[in-house]
Amino acid sequence: MPKALIIGGGVAGPAVALFLRRAGWEAEIFEARPHPDAFGGLFLNVATNGLAVLDTLGLKERLLEDGHLAPYMRMRSGRGRILGTVPNGPAGEPERGSVVVRREWLNSVLREATEREGIPLTWGARLERIEETADGVTAHFADGTRATGDILIGCDGVGSPTRRWIDPDAPEPTYSGLLSIGGFARVEGLAPTPLTQHMIFGSRGFFGYLVREDGTVFWFANPARAEQDRDELRAVPSETWIRELRALHADDPYPVPQILDNVTGTVGAYGIYELPHVPRWHRGRVVAMGDAVHATSPSAGQGASLALEDAETLALCLRDLPDHGQAFARYQDLRQRRAEDVVAYSRAISRQKTVTSSKLAVLLRDALLPLFLRGAMKDTRNNHLYNHTIPWERSVLDV
Ligand SMILES: Cc1cc2nc3c(=O)[nH]c(=O)nc-3n(C[C@H](O)[C@H](O)[C@H](O)COP(=O)(O)OP(=O)(O)OC[C@H]3O[C@@H](n4cnc5c(N)ncnc54)[C@H](O)[C@@H]3O)c2cc1C
């Protein structure tokens, strides 16, 4: 059986391992983190197209066990005025809406499945170097260990060393100018928000939240800020973030200040980065997927779903084409345009979140947004995003 070394145990890694197993491959996963973290990475939106991939893996129902169905996003201004409601999924089909889950829940549902399949996963294995020979590829890890396989798949996220090995001139991710800061809270008397996420275009910053049936609040804010690296952001104490956000959102409507007064646990802060175009996704026996080749801002809620789509598509290509070279080329061909379109679409949404200091611009935005959003619930122009399906039974030769 041919063997794939999979670098990264986030979303794309376990998913591609599961699909490859079905396609007759052996797979082994290597993850840099020393262990899982139940609240690491906060939460994310899995869109209907990502749910379709999980359904093919037989994992959708398991994911929904700890998910908050959210087919609607209700927008309000900083004065509390309702600006409109937009679908978070295909317009006109609320029963097929997207779902918000803790990131680690998505990761663990995928990991549980790899364990059931007997696919090995090594924690604390940080890829440092790749070495390719005529008949194989070797991954060298920071702790001095190594592993050899027929191909190597980089599912190693936005900072991907695999991307750089494939093409030393590959573009670096660009910083969007926005942070995503978020966490959890419990606010006495705050009612659950079934089927809905709430988004507030505050006068000095964008804020989003939902309340689960058990009263847990998932919240995030997107303040504009100069770039800081991941370690610098991690070093900022939660109290500092909360203090800053309280000041930024002090004038926002209920329950924004109340959420910030009742945060539970630690606050996470992430820079939002994008990779709008990576020319080369593969070289020799090495290929990359997910954020490694098309990192997107979270505004469209599509990054994880794109990673899941990549995973299924690459496995199909390896199943249906005679060698890895042809499979990698076809995979990039099938995926690149869609991924880049989503990155661009998400960037356009992020721009609306960038707050201007001009009061006039805020007034104008609050006056115009209701007009733009008026027909959103019936506007099917984005349905192709959410309705994308990849039938496992169909050969990629027929696509
Ligand atoms: C704050 C925030 C909010 C987001 N919200 C959403 C959302 O609502 N909806 C959505 O769809 N997407 C969202 N995203 C994006 C989403 O998280 C990613 O698109 C998705 O996780 C991509 O999956 P991936 O497997 O490619 O990368 P990741 O999930 O990032 O996994 C990469 C893995 O590789 C590991 N790794 C890195 N380097 C190495 C190495 N050298 N050796 C071994 N392992 C390594 C990492 O530890 C990590 O576990 C958000 C992202 C952020 C930062």
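On a predicted model such as this, the values are computed, not experimentally measured, just so you know. (Residues numbered from 1 in each chain as written. Predicted model: local features only at pLDDT ≥ 70, side-chain atom pairs only at ≥ 80, totals over all residues. Heavy atoms only, no water.)

Undergrad: I keep staring at empty space enclosed by the protein and nothing clicks. Help me out?
TA: Leftover empty space is mapped by rolling, across the atoms, a probe with the size of a water molecule. Per the stated rule, a full pass over the model turns up 1 cavity of 30 Å³ or more. For the largest cavity, the calculated volume is near 50 Å³. If you trace the largest cavity, you find it lined by Pro71, Tyr72, Pro87, Asn88, Gly89, Pro90, Ala91, Gly92, Glu93, Pro94, Gly97 and Met377. When its residues are assigned to classes, the lining of the largest cavity shows 7 nonpolar, 4 polar and 1 charged. (1 Å grid on protein atoms, 1.4 Å probe; cavity = no way out; pocket = protein on both sides within 12 Å on 5 of 7 lines; lining within 4 Å. Points joined across faces, edges and corners; volume = space filled by probe spheres on them. Nonpolar A, V, L, I, M, F, W, Y, C, P; charged D, E, K, R; others polar.)

Undergrad: Which parts of the structure should I look at to understand the packing of helix 1 (residues 12-22) against helix 10 (residues 303-320)?
TA: In a pair of packed helices, the angle between the axes and the distance between the axes together describe the arrangement. The interhelical angle for the contact between helix 1 and helix 10, taken along N-to-C directions, is 30°, at an axis separation of 8 Å. As judged from the angle between their axes, helix 1 and helix 10 are roughly parallel. Judged by the twist between their axes, the crossing of helix 1 over helix 10 is right-handed. Facing helix 1, whose interface residues are Ala12, Ala15, Val16, Phe19 and Leu20, helix 10 presents Ala307, Leu308, Ala311, Glu312, Leu314, Ala315 and Leu318. (Axes fitted to C-alpha atoms, helices over the stretch in contact; angles between N-to-C directions. Helix = DSSP H or I, 4+ residues; strand = E, 2+ residues; numbered from the N terminus. Parallel < 35°, antiparallel > 145°, perpendicular 65-115°, else oblique. Left-handed = near helix turned anticlockwise from the far one by under 90°. Contact = heavy atoms within 4.5 Å.)

Undergrad: How should I be thinking about the pattern of salt bridges in this particular structure?
TA: Here the idea is simple: oppositely charged side chains can pair when their charged atoms come close. Taken as a whole and judged by the stated rule, the model has 23 salt bridges. Between Glu65 and Arg62 there is a salt bridge; the shortest N-O distance is 2.5 Å. Between Glu93 and Arg96 there is a salt bridge, and its shortest N-O distance comes to 2.8 Å. By relative accessible area, Glu93 is classed as partly exposed at 24%. Linked by salt bridges that have partners in common, Glu31, Arg33, Glu104 and Arg111 make up one network. (Salt bridge = Lys/Arg side-chain N within 4 Å of Asp/Glu carboxyl O. Buried < 20%, exposed > 50% of the residue type's maximum accessible area, 1.4 Å probe, protein only.)

Undergrad: Can you help me understand a nonpolar patch on the surface in this one?
TA: A contiguous nonpolar surface patch, about 440 Å² in accessible area, is contributed by Leu364, Leu368, Leu371 and Phe372. Here Leu368 is to be found in helix 12 (residues 359-373). (Patch = residues over 30% accessible without salt bridge, like charges linked within 9 Å, V, L, I, M, F, W, Y side chains within 5 Å. Areas by Shrake-Rupley, 256 points an atom, 1.4 Å probe, with all protein chains shown as cover.)

Undergrad: What is the right way to look at unusual backbone geometry in this model?
TA: Glycine aside, the phi torsion of most residues is negative, and most peptide linkages are trans. The omega torsion of the bond from Tyr254 to Pro255 falls at 5°, within 30 degrees of zero and hence cis. Structurally, the position occupied by Pro255 is in the loop between helix 7 (238-248) and helix 8 (256-261). Phi at Leu42 is positive, roughly 60°, even though this residue is not glycine. Position of Leu42 relative to the elements: it lies in the loop between strand 2 (26-30) and strand 3 (43-46). Judged by relative accessible area, Leu42 falls into the buried class, the value being 9%. Of note, Leu195 is a non-glycine position whose phi angle comes to about 65°, a positive value. Of note, Leu195 is situated in the loop between strand 13 (174-186) and strand 14 (196-201). Residue class for Leu195 comes out partly exposed when judged on its relative accessible area of 41%.

Undergrad: Could you clarify how one ought to interpret the environment of Trp25 in this entry?
TA: The topology assignment puts Trp25 in the loop between helix 1 and strand 2. The sequence separation of Trp25 and Pro168 amounts to 143 residues, and the corresponding C-alpha distance is 29 Å. Residue contacts for Trp25: discarding those within four places in its chain leaves Met1, Pro2, Lys3, Ala4, Leu20, Asp150, Ile151 and Leu318.

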